[in-house]
Each structure stands twice: as C-alpha cells, then as structure tokens.
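Architecture and fold: a report
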Amino acid sequence: MKVIVTGGTGYIGSHTIVDLLENNFDVVCVDNLSRSKKYTLVEIEKISGKKINFYQIDLCDKQAVLDLFSEHNDAVGVIHFAALKSVPESVENPLLYYTNNIDSLLNVLLAIQQFSIPNFVFSSSCSVYGNAEQLPVTEQTPIKNAESPYAHTKQIGEDIIRNFANTNPRINSILLRYFNPIGAHPSALIGEIPIDQPNNLVPYITQTAIGKLPQLTVFGNDYPTRDGSNIRDYIHVCDIAHAHTLALNFLIDKKNTSNCDVFNLGSGNGVSVLEVIQAFEKATLQKLNYTIGARRAGDVVAVYADNTKAAKQLNWQCKYNLEDAMQSAWNWELKMQELF
Ligand code: UDP
C-alpha cells in the first residue's frame, strides 16, 4: 500500500516514514527541503533497509502537486506534515505562515479530491486549543483564540478539512493534534535538525549542554503554574510517529464513524519547563546552564492531553517516558556533533 508523505524529511515526518516502512507501507516522500536535509533520506533507508521514492517539490506549486498525485493516483492515503512550525517566527512573519501553511494544504486537498485518494491524515497541534479553560484537554474542549499565527494556521487548516469532508463524503480524514514531540529515533540516525538557532525547548537544552549555545533562558517563571514556568505535554517522537501508522490503518480498515475525526496525541502528563530541565539532567548526568527570563510572546500558560480517545480507538500507547526521550535527544545531539 502506497502512502504519500509530505514534509517527509522533517522531524516527525522522517520518524513516521520509518514506522510506515516497518509496517509494510510503500512511501512516496515529498519535501521542498526548505527546513530539512536530504541527508535524512539516506538515514531512513539505513534504518529501514528500504528505498524511498523522493520528490523535491514545493507544495505551494499547484501544478507540481497535481503532477505528483497524477503519477501516484494509486496511493491509499496522504499524510500531510509539510508546514512551517515555529511559534516565534510566525509572530514575526505571519504572512509567511498563512501563505505557506494554507496554500500548501489547499493544493494537497485539491489533488486528493481530483485523484480520489481515500484517506488523509493531517498534522494539527495542541496549540489549536489556545488557553484552554479545563485541563487536560479532550478533543471536545472548546477551541479558544489562537495565541500565535502558527496556531491560527492549524485552526484554519482543521476548519478547511472539516468543510472539505462535508462535501467529499468518500474521503476520510483524521486530524492529529500533537502535543510537544521530543527525542529522536533510538538508532540516533535521525532526529530533529534545527535550522539556525533552535526555537523548541529540547534542542535548545541539548545545544546548550553540548556548548553550541551559551545558556538556556526559561521563558517566564511567573505563570500561574506549580513552579511558575509553562506546562506542556512532551511526547517521544517515535510514539507520535507510530500513531500515524495506526491512524492510517484505522481509516483503511474503515473503523472510523465520522469522515473527519480528531485525536489528541500527548502523553497525558503535564510537565513544566523547569521539570524538563531536571529530567534532562537526571537522564544524561549533564549540568545545564540556564537562567530565568521574560515570557515569550505567543506562549499558552499550560496545556496537556487527555489521550483516552487515541488509546481506545487507535489502540495507541506511549512506549517511551520523558527521561527516555531526553536521553535519545542527547544521543542525537552527540551524533550531530560528528555529522554537521
Ligand atoms: N521554552 C523556554 N526556553 C526556550 C525554548 C522554549 O523556556 O529556549 C519554553 C516555552 O516558553 C514553552 C516550552 O518551553 O513553555 C515549550 O516550548 P517549545 O517552543 O518547545 O514548544 P511550544 O509549546 O511553544 O510549541
């Protein structure tokens, strides 16, 4: 069974391709390589022992997308990762985020419709919940205002897919709301490769510990949380990756009751920034140089998942805990030092 994976050389995309290949899918990988490296493909092939069909295409190029889908109109599904994902960058450059994330989604949906590809899995985000009133958030928790243009592109993306589903009853979609993916493949052959300075907490931690960055700044310790720092739900990227294989099989096996379903993908544990630092120090025995700084624009106070729905319906469970994830992130940082 063939699956088209957009953004396949990116962080979650690459780990998902490994999982799909392990579960006997054939993968067509599409990426414009604007925020990822072709090197990742070689490493995926090393891990899996399988070849990937790769296309360097910008999904904002409608004709290129239609040509790709025409060539692979026998695909059983599409997993659409490709998107820009930095909260602070989106605050600085909202038009870049709206244009890239929405235009690419529209082109992918147009191609799915034109070539009647039956199944679609979309990378959404827990940021769609905004500052939720009740924690943990379930899939029914009311959606608040987006705190950043990035989060808004995910809210708009979900709305577009829901409307698309209404008028395309034979096409089945799943929206996967990721919480905070961290860590790297246990082989340490693939992981997150930050372009320039990292924005996300864990690569920032590992780069500080290895000496690439002088110091980590904790963005605020005056939030109304147990230690004043933000609370998030950190989840191993391999656990997130496997959920995509389960979601796709769920649709292929016609287990869905709606043609546009949504699942939270989080560990269910709310962890503060300061607790993440402690977990890193404990797992790796590295001492981290950090300081407390001002709040960062666009951050929600706290969010973590109720993952009961994914556990029950997709039969999904996390294999890794926070310390496993920190250890794998550190192993990957050490590996990157040799590589780049
Ligand atoms: N964070 C931090 N210092 C950093 C990077 C991130 O304190 O250098 C905090 C950030 O304020 C947030 C949490 O770490 O509370 C997770 O941020 P990240 O950017 O990794 O993910 P987000 O939840 O924003 O998608």
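Above this note sits the structure.
An account of the accompanying structure is given in this report. Keep in mind that what you see is a predicted model, and the values were worked out from it rather than measured. (Residues numbered from 1 in each chain as written. Predicted model: local features only at pLDDT ≥ 70, side-chain atom pairs only at ≥ 80, totals over all residues. Heavy atoms only, no water.)

1. Notes on the overall build of the protein
In terms of helices and strands, the protein carries eleven helices and 13 strands. Taking 20 Å as the expected radius of gyration for a compact globule of 340 residues, we find that the protein reaches 19 Å, a close match to that expectation. Overall, the protein is about 55 × 45 × 40 Å in size when its C-alpha atoms are taken along their principal axes. When the 340 residues of the protein are sorted by exposure, 58% land in the buried category. Approximately 14300 Å² of the protein is accessible, and the part contributed by carbon and sulfur atoms is 48%. (Helix = DSSP H or I, 4+ residues; strand = E, 2+ residues; numbered from the N terminus. Rg over C-alpha atoms; globule rule 2.2 N^0.38 Å. Buried < 20%, exposed > 50% of the residue type's maximum accessible area, 1.4 Å probe, protein only. Areas by Shrake-Rupley, 256 points an atom, 1.4 Å probe, with all protein chains shown as cover.)

2. A look at the packing of helix α3 (residues 62-71) against helix α5 (residues 94-114)
With their axes 9 Å apart at the nearest point, α3 and α5 run at an angle of 35° to one another. Like other packed secondary-structure pairs, α3 and α5 cross with a definite hand, here right-handed. Contacts from Lys-62, Val-65, Leu-66 and Phe-69 of α3 reach α5 at Asn-107, Val-108, Leu-110, Ala-111, Ile-112 and Gln-114. (Axes fitted to C-alpha atoms, helices over the stretch in contact; angles between N-to-C directions. Left-handed = near helix turned anticlockwise from the far one by under 90°. Contact = heavy atoms within 4.5 Å.)

3. Quick notes on the site of the ligand
The environment of the ligand is made up of 15 residues, and the closest members are Leu-201, Thr-217, Asn-230, Arg-232 and Asp-299. Between the ligand and Thr-217, the relevant distance is 2.7 Å, taken from a nitrogen atom to a main-chain nitrogen or oxygen of the residue. Here the ligand, which alone exposes 510 Å², has 90% of that area covered by the protein. Secondary structure elements with two or more residues in the shell around the ligand: α7 (201-210) and β8 (216-219). With four residues, the top contributor of residues to the shell around the ligand is β8. (Near = heavy atom within 4 Å. Polar contact = N/O pair within 3.5 Å; in protein donor to acceptor, adjacent residues only side chain to side chain.)

4. Describing the side chain of His-236
Mapping His-236 onto the fold places it in strand β10 (residues 234-236). Within the structure, the side chain of His-236 is placed 3.0 Å from the backbone nitrogen of Cys-238, a separation counted as a polar contact. Of the polar contacts made by the side chain of His-236, one reaches the side chain of Ser-328; its length is 3.3 Å. His-236 has contacts with Ile-182, Ala-184, Tyr-320, Asp-324, Ala-325 and Ser-328, leaving out every residue within four places of it along the chain.

5. What to know about the environment of Thr-6
Within the secondary structure, Thr-6 is located in strand β1 (residues 2-6). What makes Thr-6 buried here is its relative accessible area of 1%. With 156 residues separating them in the primary sequence, Thr-6 and Arg-162 have C-alpha atoms 20 Å apart. Once residues within four sequence positions are removed from consideration, Thr-6 is found in contact with Val-30, Leu-59, Val-78, Ile-79, His-80, Phe-81, Ala-82 and Val-108.

6. Quick look at the pattern of salt bridges
Taken as a whole and judged by the stated rule, the model has 17 salt bridges. A salt bridge links Lys-144 to Glu-133, with the shortest nitrogen-to-oxygen separation between them at 2.9 Å. Here Glu-133 lies in the loop between β5 (119-125) and α6 (149-167) and Lys-144 lies in the loop between β5 and α6, a separation of eleven residues in the sequence. Classification of Lys-144 by relative accessible area gives partly exposed; the value is 30%. The exposure class assigned to Glu-133 is exposed, which follows from its relative accessible area of 71%. The partner of Asp-299 in a salt bridge is Arg-296, and the shortest N-O contact between them spans 3.0 Å. The class of Asp-299 is buried, set by a relative accessible area of 12%. Assessed through its relative accessible area of 24%, Arg-296 is described here as partly exposed. The network of salt bridges with common partners includes Glu-158, Asp-159, Arg-162 and Arg-177. (Salt bridge = Lys/Arg side-chain N within 4 Å of Asp/Glu carboxyl O.)

7. As for the sheet that holds strand β6 (residues 172-178)
If you walk across this open sheet you meet the seven strands as β3-β2-β1-β4-β5-β6-β11, and the pairing is parallel. Edge strands, defined here as strands with exactly one partner in the open sheet, are β3 (53-56) and β11 (260-265). Pairwise comparison of adjacent strand axes, ignoring direction, gives a mean angle of 20° for this sheet. One ladder, built from five bridges, connects β1 with strand β2 (residues 26-31); its direction is parallel. Counted as the bridge partner of Val-5 is Cys-29 from β2. Of the strands in this sheet, β5, β6 and β11 are in contact with α6, which crosses β5 at around 155°. (Pairing = 2+ DSSP bridges.)

8. Looking at helix α8 (residues 237-252)
Helical geometry note: an α-helix holds 3.6 residues per turn, so side chains three or four residues apart project in the same direction. Counted at 1.5 Å a residue, the expected span for α8 with its 16 residues is 22 Å, and the 23 Å between its end C-alpha atoms agrees. Summarising burial for α8: 13 of the 16 residues are buried, a large majority. In the stretch just after α8, Lys-254 is the one whose phi turns positive, near 55°. (Expected span 1.5 Å × (residues − 1).)

9. Regarding the side chain of Asp-239
Among the structural elements, Asp-239 can be located in helix α8. Among buried charged residues, Asp-239 stands out as having no salt bridge; its nearest opposite-charge side chain is Lys-319, 6.4 Å away. Those residues within four positions of Asp-239 in sequence are excluded, and the remaining contacts are Trp-316, Gln-317, Cys-318, Lys-319 and Tyr-320. (Lys, Arg positive; Asp, Glu negative; His and termini not counted.)

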